[in-house]
Amino acid sequence: MSDQLLKTEDLMEWAEIYQRPALIQWLDAKPYPIPYKVTKKGVICTTLAAVTEALRKREDSDTWAA
């Protein structure tokens, strides 16, 4: 089963974060960062599964509770 690839534009639209530094900060958020790679052309790439897994952990974490 293949996983959907998310690129910079997809991530910005989905997360509603339209500034690259803020998007990277969101991806790197501790304690559950979202793994990603940056291509030679500067495109941020990750997968839907990686985003989903990290966000589920963040939701379950006491540090992210409201």
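Each remark here, short or long, concerns the structure printed above.
Report on the accompanying structure. None of these values were measured; they are calculated from a predicted model.

1. Observations regarding a negative patch on the surface
- On the surface, Glu9, Asp10, Glu13 and Glu16 cluster together into a patch of negative charge.
- Tracing the chain through its elements places Glu9 in helix α1 (residues 8–15).

2. Topic: the sheet that holds strand β1 (residues 5–7)
- Taken in spatial order, the 3 strands make up an open sheet running β1-β3-β2, and their pairing is antiparallel. Of all strands in the sheet, those with a lone pairing partner are β1 and β2 (37–38), marking the two edges.
- Summarising the sheet, β1 and strand β3 (residues 44–47) pair through 3 bridges and their orientation is antiparallel. Its bridge partner being in β3, Leu6 is matched across the sheet by Thr46.
- Strands β1 and β3 of the sheet are contacted by helix α3 (residues 48–60), whose axis makes an angle of about 75° with β3.

3. What to know about helix α2 (residues 20–27)
- Residues of α2 that are buried include every one of Leu23, Trp26 and Leu27, and no others. Projection of α2 onto a plane perpendicular to its axis shows the buried side chains occupying an angular sector of 100°, all on one side. Exposed positions of α2 whose direction lies more than 90 degrees from the buried face are Pro21 and Gln25.

The rules behind the values
Residues numbered from 1 in each chain as written. Predicted model: local features only at pLDDT ≥ 70, side-chain atom pairs only at ≥ 80, totals over all residues. Heavy atoms only, no water. Patch = residues over 30% accessible without salt bridge, like charges linked within 9 Å, V, L, I, M, F, W, Y side chains within 5 Å. Areas by Shrake-Rupley, 256 points an atom, 1.4 Å probe, with all protein chains shown as cover. Salt bridge = Lys/Arg side-chain N within 4 Å of Asp/Glu carboxyl O. Lys, Arg positive; Asp, Glu negative; His and termini not counted. Charge placed at Lys NZ, Arg CZ, Asp CG, Glu CD. Helix = DSSP H or I, 4+ residues; strand = E, 2+ residues; numbered from the N terminus. Pairing = 2+ DSSP bridges. Contact = heavy atoms within 4.5 Å. Axes fitted to C-alpha atoms, helices over the stretch in contact; angles between N-to-C directions. Buried < 20%, exposed > 50% of the residue type's maximum accessible area, 1.4 Å probe, protein only. Arc of directions from axis to C-beta.

Any functional reading would require information that these geometric values do not contain.
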